[in-house]
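The primary structure of each chain is shown beneath.
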Amino acid sequence: MDKVAVIGAGSWGTAIAFVLAENGHDCLLWTRRQEQSAEINERHTNEAYLPGISLPRNLNAVSDLKKAVEHAEIIVIAVPTKAIREICIEIEKYTEKPKLIVHVSKGIEPDTLKRISEMIEEEVDPGKRQAIVALSGPSHAEEVVLRHPTTVTAASHNQEAAERVQDLFMNHYFRVYTNNDLIGVELGAALKNVIALAAGIIDGVGYGDNAKAALITRGLAEITRLGMKMGANPLTFSGLTGLGDLIVTCTSVHSRNWKAGNLLGQGKTLEEVVSGMGMVIEGVRTTKAAYQLSLQYDVSMPLTEALYSVLFENVPPKEAVDQLMSRMKKQEIEDIFYK
Ligand SMILES: NC(=O)C1=CN([C@@H]2O[C@H](COP(=O)(O)OP(=O)(O)OC[C@H]3O[C@@H](n4cnc5c(N)ncnc54)[C@H](OP(=O)(O)O)[C@@H]3O)[C@@H](O)[C@H]2O)C=CC1
Ligand SMILES: O=C(CO)COP(=O)(O)O
């Protein structure tokens, strides 16, 4: 039994803590809201994020971050990308002995263009952390807490740490693989949200399955192109954190990114969509970061560029699609591997 703290009690933090508690670990779930920690401890629910779900009785919550950090040998960070730095600064403050840090977030920081593990490295002193592991894959919280079969990947430059995380989470409905390609795993996880937003738009404007399949396939091509330039293993993008997460996020009704795109496609404004969701839509900020990465690495990412123009330059979705479809002709495979 390990002592673990999950930092962030939204949909995913709660689902991850659910798995850890069911696996018999001594897991504390941190929330910044006292009333939410009372709800989890007294009623064993988190209605705002996972309505109708009974949480394990051995899962306890706290709203005192110091207490959560001091409790744990392993810290699992489960807050949105934009909160990673501030949470890491707080975690570092309360850490005495170095801890294993796992993160389950999916994003890239605009402007700095840092991946999550890079932000953690910058904010948590090396003396206060052991290895960093990203746990990622096609895994909607809503299905994990129903114990529906789910597969994810524990990625780290440190294989021993990845295997420790594999052992920590693995059970009969939650299967964990390892991968040493941290760059590829984190990039795939973040960039699939860009394509999922676009997939929602495609459905929202009323285009069909052909367009969706094109988006997933050509989305994977541009993610792979960028990833290869950034040092990732191209095979990672055919794996769970690449193609796997693209499929689940572009096709599932649970996806907040897909839902947001769907509303945009129906004519809602970005402000209306973001304020109405009540949960994080990582793909919006990540689209900005992905667009900046395509310029920095000089990689052609037409879908990302088109989504950027819809989100931030008020280009109507159908016009963006028309522009995509009328680009000059290309070869399919050569495009990915030789450019
Ligand atoms: N939901 C899912 O199925 C999956 C999500 N992920 C990833 O996990 C990460 C978290 O997502 P998810 O749990 O779904 O998001 P939610 O929107 O469901 O919840 C976000 C959580 O983070 C908290 N939070 C937000 N900002 C801060 C802050 N500045 N300081 C402290 N806490 C903060 C929120 O607190 P409060 O309630 O007080 O606002 C809430 O508990 C994202 O990167 C997402 O892409 C990965 C796999 C699956
Ligand atoms: O990452 C996820 C599933 O793997 C969750 O996606 P959304 O954030 O779009 O809901």
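Keep in mind that what you see is a predicted model, and the values were worked out from it rather than measured.

## Examining the overall build of the protein chain
Each helix and strand counted, the protein chain has 16 helices and eight strands in total. Computed over C-alpha atoms, the radius of gyration of the protein chain comes to 20 Å, within 12% of the 20 Å expected from 2.2 N^0.38 for 339 residues, which places it in the range of a compact globule. Viewed in the frame of its principal axes, the protein chain has a C-alpha envelope of about 60 × 40 × 35 Å. Counting over 339 residues, the protein chain shows a buried share of 52%. Counted over contacts in the protein chain with a minimum sequence separation of 6, partners at least 24 positions apart contribute 72%.

## Some thoughts on the UniProt feature "binding site: substrate" (unreviewed entry) in the protein chain
Annotation from UniProt places "binding site: substrate" (unreviewed entry) at K106, R256 and N257. Of the residues just listed, which span 152 residues, no C-alpha pair is farther apart than 12.7 Å, and they cluster in one region. Structurally, K106 can be placed in the loop between β5 (99-103) and α5 (116-123). The class for K106 is buried, based on 26 C-beta atoms found within 10 Å. In this structure, K106 is in contact with S136, A189, A190, N193 and E282, ignoring residues within four places of it in sequence. What makes R256 buried here is the crowd of 22 C-beta atoms within 10 Å. Those residues in contact with R256, other than ones at most four positions away along the chain, are M277, M279, V280 and I281.

## Focus: the domain arrangement of the protein chain
Under the domain assignment used here, the protein chain contains domain 1 (3-180) and domain 2 (183-337). Relative placement of domain 1 and domain 2: their C-alpha centres are 26 Å apart. On the domain 2 side, the residues contacting the 26 residues of domain 1 number 27 residues. Listed by contribution, the elements that provide at least two residues to the side of domain 1 that touches domain 2 are α5, β6 (129-136), β7 (150-155) and β8 (174-179). No other element matches the four residues that β7 contributes to the side of domain 1 that touches domain 2.

## Some thoughts on the site of ligand 1
Every one of the 27 residues lining ligand 1 counts as a neighbour, but G10, W12, A83, S105 and M279 are closest to it. Elements with a contribution of two residues or more to the shell around ligand 1: α1 (11-22) and α4 (84-94). Ranked by residues supplied to the shell around ligand 1, first place goes to α1 with three residues. Of the residues belonging to the shell around ligand 1, the class tally is 12 nonpolar, 10 polar and five charged. Looking at which domains feed residues into the shell around ligand 1, each of domain 1 (3-180) and domain 2 (183-337) gives three or more.

## Structural notes on the UniProt feature "binding site: sn-glycerol 3-phosphate" (unreviewed entry) in the protein chain
Here, UniProt's "binding site: sn-glycerol 3-phosphate" (unreviewed entry) annotation points to K106, G137, S139, K192, D245, S255, R256 and N257. Note on placement: G137 falls in the loop between β6 and α6 (141-144). Judged by the 26 C-beta atoms lying within 10 Å of it, G137 falls in the buried class. Setting aside its immediate chain neighbours within four residues, G137 contacts T151, V152, T153, L240, T241, G244 and D245.

## Here's the deal with the site of ligand 2
For ligand 2, the set of nearby residues contains 14 residues, the closest of which are S139, T249, S255, R256 and N257. For the shell around ligand 2, the per-class residue count stands at three nonpolar, seven polar and four charged. Here the shell around ligand 2 spans two domains, since at least three of its residues come from each of domain 1 (3-180) and domain 2 (183-337).

## Side note on unusual backbone geometry
Even without a glycine there, the phi angle at D111 is positive, about 75°. Locating D111 in the fold gives a position in the loop between β5 and α5.

Conventions we followed
Residues numbered from 1 in each chain as written. Chains lettered and ligands numbered in written order. Predicted model: local features only at pLDDT ≥ 70, side-chain atom pairs only at ≥ 80, totals over all residues. Helix = DSSP H or I, 4+ residues; strand = E, 2+ residues; numbered from the N terminus. Rg over C-alpha atoms; globule rule 2.2 N^0.38 Å. Buried ≥ 20, exposed ≤ 12 C-beta atoms within 10 Å, placed from the backbone. Contact = placed C-beta atoms within 7 Å. UniProt positions renumbered as here; feature names shortened; annotations may be inferred. Domains from an automatic or database assignment. Near = placed C-beta within 6 Å. Nonpolar A, V, L, I, M, F, W, Y, C, P; charged D, E, K, R; others polar.

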